[in-house]
Amino acid sequence: MTNGPSDLTIWLVIVVLGIGTFLIRWSFLGALGNRDMPPWVLRMLRYTPVAVLPALVAPLVVWPAATGGQPDPARMAAATVTVAVGLWTKNMIVAILAGAITLFGLLYML
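What you see is a predicted model, and the numbers here were worked out from it, not measured in a lab.

**Observations concerning the UniProt feature "transmembrane region" (unreviewed entry) in the protein**
Piece 1. In this numbering, the UniProt entry assigns the feature "transmembrane region" (unreviewed entry) to residues 12–32, 44–66 and 92–109.
Piece 2. Helix makes up 74% of residues 44–66 and strand 0%. Its end C-alpha atoms lie 35 Å apart.
Piece 3. End-to-end, the C-alpha atoms of residues 92–109 are 26 Å apart, and along that stretch the chain is 100% helix and 0% strand.

Set out below in structure tokens:
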């Protein structure tokens, strides 16, 4: 006998999460899709991708799985170089390449 969740529990969680996801998306697309949003809302929504990407990347830089969750100087330096080059050049591709070169170079040297 297993101690894990039953099949009914798993399907119930899947269905509830699916309905919740649909309602969250519908709240913007269905309910507000035909209306003009106030300028302050549109201004705030422009910053959403800029806020989400660092929120996804930061834990992977600070606590990388490759090192068992221990901070790694090579990854911290690569993230710093990526941000600095991005701010300096305003070019995302150059910033990513600079960060990648820094990461692989420091991993090779260290």
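**Comments concerning the environment of Leu-17**
Piece 1. Topologically, Leu-17 is positioned in helix α1 (residues 7–29).
Piece 2. Taking the C-alpha atoms as reference points, Leu-17 and Ala-66, separated by 49 residues in sequence, lie 31 Å from one another.

**Some thoughts on unusual backbone geometry**
Piece 1. Of note in the backbone geometry, Lys-90 takes a positive phi value of approximately 60 degrees without being a glycine.
Piece 2. Structurally, the position occupied by Lys-90 is in the loop between α4 (73–89) and α5 (92–109).

**Re the pattern of salt bridges**
Piece 1. For the structure on display, the rule yields one salt bridge.
Piece 2. The residue Arg-75 makes a salt bridge to Asp-72 at a minimum N-O spacing of 2.4 Å.
Piece 3. With relative accessibility at 12%, the residue Asp-72 sits in the buried group.

What counts, and at which threshold
Residues numbered from 1 in each chain as written. Predicted model: local features only at pLDDT ≥ 70, side-chain atom pairs only at ≥ 80, totals over all residues. Heavy atoms only, no water. UniProt positions renumbered as here; feature names shortened; annotations may be inferred. Helix = DSSP H or I, 4+ residues; strand = E, 2+ residues; numbered from the N terminus. Salt bridge = Lys/Arg side-chain N within 4 Å of Asp/Glu carboxyl O. Buried < 20%, exposed > 50% of the residue type's maximum accessible area, 1.4 Å probe, protein only.

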